[in-house]
Amino acid sequence: MYMRKVEHIGVAVKSLAASIPVFEKILNTPCYKTESVESEKVNTAFFQKGESKIELLESSDENGVIAKFIEKKGEGMHHIAFDVEDIEAEMKRLQGEGFVLLNEKPKMGADNKLVCFLHPKETNGVLVELCQERK
Ligand code: ZN
């Protein structure tokens, strides 16, 4: 069992303060967690409906990846994250299939996850995140 389900969808926003109330209205549910990931220069906010989550991402630095993404493409869908049972095995499998990993080793993401991104060049422009719950 590798890819288990969509764990969350990442949305790039200019301001969490402005966007949290928007998604609280859309989902009719409160944001359950905000968390900063220093290494990625992002502040995140999470919402959950059933087993699906939305992750809002705001740049904490004007040169961060989210700031650059918004500069190029504007706010909106940023990545799809898939829940995997064994991230190292899945990274190896996808590398074997010819996908390019944006990080060689799993790294610490938000929400107690180990994460790895695939280069969007080989994924039809979709930034794919693999994430594994940290045990
Ligand atoms: Zn994510």
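Residues numbered from 1 in each chain as written. Predicted model: local features only at pLDDT ≥ 70, side-chain atom pairs only at ≥ 80, totals over all residues. Heavy atoms only, no water.

J.: Can you lay out the coordination of the zinc ion for me, pointing to particular residues and giving the numbers?
T.: Donor atoms from the polypeptide that coordinate the zinc ion comprise His8 (NE2), Glu55 (OE), His79 (NE2) and Glu129 (OE), at 2.1 to 2.2 Å from the metal. If you look at the zinc ion, its four donor atoms make angles of 82 to 167 degrees with each other, and the shape they trace is irregular. Read N to C, the donor residues that coordinate the zinc ion are spaced as H-x46-E-x23-H-x49-E. With His8 in strand 1 (residues 3-12) and Glu55 in strand 4 (residues 52-59), the pair connects residues that are 47 residues apart, well separated along the chain. Each member of the pair His8 and Glu55 is classed as buried. (Donors = N, O, S within 2.8 Å, 3.2 Å for Na, K, Ca; no water. Tetrahedral: all angles 85-135°; square planar, octahedral: opposite > 155°, others 65-115°. Helix = DSSP H or I, 4+ residues; strand = E, 2+ residues; numbered from the N terminus. Buried < 20%, exposed > 50% of the residue type's maximum accessible area, 1.4 Å probe, protein only.)

J.: Outline the environment of His79, supporting the account with residue identities and numerical values.
T.: As for its placement among the helices and strands, His79 is situated in strand 5 (residues 76-84). When its relative accessible area of 2% is taken as the criterion, His79 is described as buried. For His79, the residues in contact, after removing those within four places along its chain, are His8, Ile9, Gly10, Glu55, Leu57, Phe117, Leu127 and Glu129. At 3.4 Å, the side chain of His79 and the side chain of His8 are in polar contact. A polar contact of 2.8 Å, which involves the side chain of His79, links it to the side chain of Glu129. (Contact = heavy atoms within 4.5 Å. Polar contact = N/O pair within 3.5 Å; in protein donor to acceptor, adjacent residues only side chain to side chain.)

J.: Explain the pattern of salt bridges to me, using residue names and the numbers behind them.
T.: All chains considered together, the criterion is met by twelve salt bridges. Residue Glu85 is joined to Arg4 by a salt bridge in which the shortest nitrogen-to-oxygen separation is 4.0 Å. Taken together, the residues span a long stretch of sequence, with Glu85 in the loop between strand 5 and helix 3 (87-96) and Arg4 in strand 1 at a distance of 81 residues. Among the salt bridges present, the one from Asp111 reaches Lys53, with a minimum N-O distance of 3.1 Å. Of this pair, Asp111 sits in the loop between strand 6 (107-108) and strand 7 (113-118) while Lys53 sits in strand 4, and the two are 58 residues apart along the sequence. Each member of the pair Asp111 and Lys53 is classed as buried. (Salt bridge = Lys/Arg side-chain N within 4 Å of Asp/Glu carboxyl O.)

J.: Talk me through unusual backbone geometry; I want residue IDs and the actual numbers.
T.: Positive phi, normally seen in glycine, also occurs at Asn112, with a value near 60 degrees. Here the phi dihedral of Asn124 falls at roughly 55 degrees; this positive angle occurs in a residue that is not glycine. Mapped onto the secondary structure, Asn124 falls in the loop between strand 7 and strand 8 (128-133). For Asn124, a relative accessible area of 78% corresponds to the exposed category.

J.: Describe the confidence of the model for the chain, listing the residues and the values that go with them.
T.: Per-residue pLDDT for the chain has a mean of 95; in total, 99% of the residues score no lower than 70. Element-level mean pLDDT values for the chain span from 93 in strand 6 up to 98 in helix 1 (residues 16-27). (pLDDT = per-residue confidence, 0-100.)

J.: Go over the nonpolar core with me, naming the residues and quoting the values.
T.: The biggest cluster of nonpolar side chains holds eleven residues, and these are Val11, Val13, Leu16, Ile20, Phe23, Leu27, Cys31, Ala45, Phe47, Ile54 and Leu56. Among the elements of the structure, helix 1, strand 3 (42-49) and strand 4 are those that each provide at least two residues to this core. When residues of this core are assigned to their parent elements, the largest contribution, four residues, is made by helix 1. Excluding its chain neighbours within four sequence positions, the residues that come into contact with Phe23 are Val11, Asn28, Phe47, Ile54 and Leu56. (Core = buried A, V, L, I, M, F, W, Y, C linked by side-chain atoms within 4.5 Å.)

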